[in-house]
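What follows is the residue order along each chain.
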Amino acid sequence: MELRGYQREAVGPALRGRNSIVWLPTGAGKTRAAVHVCRQHLESRPGRRVAVLVNKVHLVEQHATKEFHVLQKDFRVTAISGDSSHKTFFAYAVKKSDVVICTAQILQNALASQEEDMHVELTDFSLLVIDECHHTHKEAVYNKIMLNYLQRKLSGQQDLPQVLGLTASPGTGGATTFEGAVEHILQICANLDTEKIMSAQEELQQLQSHVPQPRKQYDLCQERAQDPFGERLKMMMRRIQRYMEMPGLPQDFGTQVYEQRIVELEKRAAETFCRKTRVCALHLRKYNDALLINDTVRMIDAFQCLQQFYAAERDTKDPTEQFLSATFEENRTSLQALAGDRRYENPRLGKLEEILREHFQPLGASRGIVFTTTRQSAHSLLSWLQDTAALRGQHIRAAVLTGAGYSNQTRHMTQNEQQDVIKLFREGALNLLFSTSVAEEGLDIAQCNIVVRYGLMTNEIAMMQARGRARAENSVYSVLAKANSREVSRELLNEDLVELMERAIRAVQAMPEQEYRLKIRELQRVAVASWLMKEARISERRQLHDPDAVYLYCVNCNMAVCRGSDLRTVEGMHHVNVNPNFGLYYRVSAGKLQFQRTFKDWEPGCRIVCRECSQDWGMEMIYRHVKLPILCIKNFVVETPAEKRKYKKWSAVTFPVKEFDYVEYCSSTYGQSF
């Protein structure tokens, strides 16, 4: 397995067993160089073991089949992702392997697990390869693993694994000054316990000749000349705001700022049990979503988003709900008519049509990715493509690629569906993807020659990563945005930040060794100390209130439904109510929820809603044949002796929740002793 000169230069310290970061552009073969390091590491001493960590599920499969398969002749290579059955016996799989490729979250869960067949130690590995290692900061999983590592290192532990980080884009961490960017690079190096950050210096010319950079173009379009559909939505929003009788409400409809303010208003209204304000705020947020969709894709997509929202089950006894439904019904017909009027269509789509027509000729071999902000817009763009006469036909074969996480906005993709789409795209059966940021990092398709960023506002890391998906010779990287928009100015700022990042890395590479080491050691001490302080604060906060003095109220109708002491956690994360009387407060909706993956001791049941007002509450889980309601915290207001609060996550509550005891539950519920 021959490495190119620039790859050999970049992995030099890693081959000598030193902790290092390899900084090379996308498409330069960082993973291949890492495979070479792994081979030499495993051959040099028996009993060694490597963990290759990735931050996106689809990269597990890609690394295993495209890069690390060359080790399989001599070593045992195991790929483990969230959907695979190996996950539940992680410790066993590790013991039986020389190389384990997995998402960082799986390793983090195993490090924290108490179960024998799950738990592993960092010292079970002799080398950690961390892909896209610029994510090793703040609350990211990579950083949690490395804080564990640093804590051990600073307390004098010797047998810790070697660390090799791979990145094309360390970024500037939000800094816009040279000093700030240097500080960010040093922090990433400290977090990864890096002795050296390596790039192609002596072999720079060879690197430049081997890694083609795409040609960048700005494809700019104008605002809609007229937008009667958007104006009608704003008129309806003003009407709802008048009904709320609250002076000083924001008027900047169709912006992210408006969304933030209305989400905050909904939260405060829930906490003060002001139902009218809360329900109106929820609906206003939906109208704002529709305005954002109208700005990004088609009017009909925005209309359908509202139509689906109003089709959902509601509390028809509530006068506010009646007013809001009537407002939509009165305007439905005219909205639908406007949405179908081609005169007011989105100019962005006309520009995208031009780009696709230019690059996808009937006999051409183009392959492209259009990056967009949300799952909703990815699906809408596919639907637009299928409805656009000039783009229909055999030569564009498109699909959507979005994240595997659950979202109530649009259907998420399972890991298997992601893998299938990537495989078809790689083989050429598909030649165009409408994708969210899930495909920004690491997706390696050599034939990809056109990348379009469709109205995106992101940082310099995402820009470099997306640009790096255009791998073929003579590739094009297009920024499609409105002329003079914030997206264009952000893209220009990103170009400056990339230069700033490069200067900062060179400055860190040139630091005298002694000065660098002292700085890194100091940053590590501070990072570990602040992490330990934070952990202590969290566990203190968890003990603030007696669970018996805590009440949960339905977020919609404000009915008190249970106490904190009725709750238990299953597998440390699912919060269930074990009080048999709780069943009086909810009803079960028809049809079991379907997940593509299976779980070790439980399966999903049906969705559960408030008996009084039909507010969604969560779902039932069937845990070892016992039905337990899982509560989703954001659907409740939590009252403690100190305050009423609406939480996004269970981890933030201020009372302890005991672990579920299966035997105790069965004895108290069924009156038998076991």
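Refer to the structure presented above.
These figures come from a predicted structure and were not determined experimentally.

### Brief notes about the overall build of the protein
If you tally the helices and strands in the protein, you get 20 helices and 24 strands. Taking 674 residues into account, the globule formula puts the C-alpha radius of gyration at 26 Å, and the protein, at 27 Å, falls close to it. Summarising its shape, the C-alpha atoms of the protein cover approximately 75 × 70 × 45 Å along the three principal directions. Expressed as a percentage of the 674 residues in the protein, the buried residues total 54%.

### Observations regarding the packing of helix 3 (residues 57-67) against helix 16 (residues 415-427)
Two numbers describe how helix 3 lies on helix 16: the axes approach to 9 Å, and their chain directions differ by 50 degrees. Taken together, the axes of helix 3 and helix 16 lie oblique to each other. Where helix 3 crosses over helix 16, the two elements pack in a sense that is right-handed. In this structure, helix 3 contributes Val57, His58, Glu61, Gln62 and Lys66 to the contact, and helix 16 contributes Gln415, Gln418, Gln419, Ile422 and Arg426. Per-class residue counts for the contact of helix 3 with helix 16 are two nonpolar, five polar and three charged.

### Some thoughts on helix 19 (residues 513-541)
Over its 29 residues, helix 19 runs 42 Å from end to end, which matches the ideal 42 Å to within 8%, given 1.5 Å per residue. Of the residues making up helix 19, those classed as buried are Tyr516, Ile520, Leu523, Gln524, Ala527 and Val528.

### Remarks on the pattern of salt bridges
Here the structure, examined in full by the defined rule, presents 41 salt bridges. Notably, a salt bridge pairs Glu195 with Arg18, separated by 2.5 Å at the nearest N-O pair. Highlighted residues: Glu195 in the loop between helix 7 (178-191) and strand 7 (196-198) and Arg18 in the loop between helix 1 (5-15) and strand 1 (20-23), separated in sequence by 177 residues. Residue classification places Glu195 among the partly exposed residues on the basis of a relative accessible area of 30%. Between Arg275 and Asp318 there is a salt bridge, and its shortest N-O distance comes to 3.9 Å. Taken together, the residues Arg275 in helix 11 (residues 275-296) and Asp318 in the loop between helix 12 (299-311) and helix 13 (319-339) connect sequence positions 43 residues apart. The same class applies to Arg275 and to Asp318, which are both buried. A cluster of three or more residues bridged by salt bridges with shared partners is formed by Lys216, Glu440, Arg453, Glu491 and Glu495.

### A closer look at empty space enclosed by the protein
Tallied over the full model, the rule gives one cavity of 30 Å³ or more. Here the largest cavity defines a volume of roughly 40 Å³. Lining the largest cavity, in full, are Ile21, Cys133, His134, Thr167, Pro170, Ile185, Ile188 and Ile197. Across the lining of the largest cavity, the residue classes break down as six nonpolar, two polar and no charged.

### Focus on the sheet that holds strand 14 (residues 551-554)
Taken in spatial order, the four strands make up an open sheet running 15-14-22-23, and their pairing is antiparallel. Either end of the sheet is taken by a strand with one partner, and the two such strands are strand 15 (560-563) and strand 23 (644-645). Here strand 22 (residues 636-639) pairs with strand 23 via two bridges, running antiparallel. Pairing of Glu639 across the sheet is with Lys644, part of strand 23.

### Some words on unusual backbone geometry
With the exception of glycine, most residues fall at negative phi, and the peptide bonds are largely trans. A positive phi angle, close to 55 degrees, is found at Glu245, a residue other than glycine. Along the polypeptide, Glu245 turns up in the loop between helix 9 (228-244) and helix 10 (256-271). The backbone of Asn474 shows a phi angle near 55 degrees, a positive value even though the residue is not glycine. Inspection of the secondary structure puts Asn474 in the loop between helix 17 (460-467) and strand 13 (476-482).

### A short note on the packing of helix 1 against helix 2 (residues 30-44)
Between helix 1 and helix 2, the shortest axis-to-axis distance is 10 Å and the interhelical angle comes to 35 degrees. Here the hand of the crossing between helix 1 and helix 2 comes out right-handed. When helix 1 is examined against helix 2, the residues Gln7, Val11, Ala14 and Leu15 are found in contact with a partner set consisting of Arg32, Ala33, His36, Val37 and Gln40. When the residues that make up the contact of helix 1 with helix 2 are grouped by side-chain class, the tally is five nonpolar, three polar and one charged.

### Description of the nonpolar core
Among the nonpolar cores identified, the biggest contains 76 residues, and Phe90, Leu107, Val120 and Leu401 are the most heavily contacted of them. Contact partners of Leu107, with chain neighbours within four places excluded, come to Leu53, Phe90, Cys102, Val120, Phe125 and Ile145.

### Notes on the layout of surface pockets
Of the pockets and cavities examined, the second largest pocket occupies roughly 1100 Å³. Lining the second largest pocket are 46 residues, and of these Pro25, Thr26, Gly27, Ala28 and Val211 sit closest to its centre. Grouping the amino acids of the lining of the second largest pocket by side-chain chemistry returns 18 nonpolar, 14 polar and 14 charged.

### Quick notes on the side chain of Gln162
Residue position: Gln162 is located in strand 6 (residues 162-167). Look at Gln162 and you get buried, because its relative accessible area is 10%. Polar contacts involving the side chain of Gln162 include one to the main-chain carbonyl oxygen of Arg18, which spans 3.4 Å. With residues near it in sequence (within four places) discarded, Gln162 still touches Ala14, Gly17, Arg18, Asn19, His41, Ser126, Leu127 and Leu128.

### A few points about the sheet that holds strand 9 (residues 368-371)
Reading across the sheet, the six strands line up as 8-13-12-9-11-10 and stay open at both edges, with parallel pairing between neighbours. Lying at the two open borders of the sheet, with one neighbouring strand each, are strand 8 (215-221) and strand 10 (398-401). Strand-to-strand twist of the sheet, defined as the mean angle between neighbouring strand axes without regard to direction, takes the value 20 degrees. Taken together, the five bridges between strand 12 (residues 450-454) and strand 13 define a ladder with parallel strand orientation. Its bridge partner lying in strand 13, Tyr454 is registered against Leu480. Taken strand by strand, helix 17 contacts strand 8, strand 9, strand 12 and strand 13, and its axis lies near 150 degrees from that of strand 12.

What counts, and where the lines are drawn
Residues numbered from 1 in each chain as written. Predicted model: local features only at pLDDT ≥ 70, side-chain atom pairs only at ≥ 80, totals over all residues. Heavy atoms only, no water. Helix = DSSP H or I, 4+ residues; strand = E, 2+ residues; numbered from the N terminus. Rg over C-alpha atoms; globule rule 2.2 N^0.38 Å. Buried < 20%, exposed > 50% of the residue type's maximum accessible area, 1.4 Å probe, protein only. Axes fitted to C-alpha atoms, helices over the stretch in contact; angles between N-to-C directions. Parallel < 35°, antiparallel > 145°, perpendicular 65-115°, else oblique. Left-handed = near helix turned anticlockwise from the far one by under 90°. Contact = heavy atoms within 4.5 Å. Nonpolar A, V, L, I, M, F, W, Y, C, P; charged D, E, K, R; others polar. Expected span 1.5 Å × (residues − 1). Salt bridge = Lys/Arg side-chain N within 4 Å of Asp/Glu carboxyl O. 1 Å grid on protein atoms, 1.4 Å probe; cavity = no way out; pocket = protein on both sides within 12 Å on 5 of 7 lines; lining within 4 Å. Points joined across faces, edges and corners; volume = space filled by probe spheres on them. Pairing = 2+ DSSP bridges. Core = buried A, V, L, I, M, F, W, Y, C linked by side-chain atoms within 4.5 Å. Polar contact = N/O pair within 3.5 Å; in protein donor to acceptor, adjacent residues only side chain to side chain.

What is shown is where atoms sit, not what they do.
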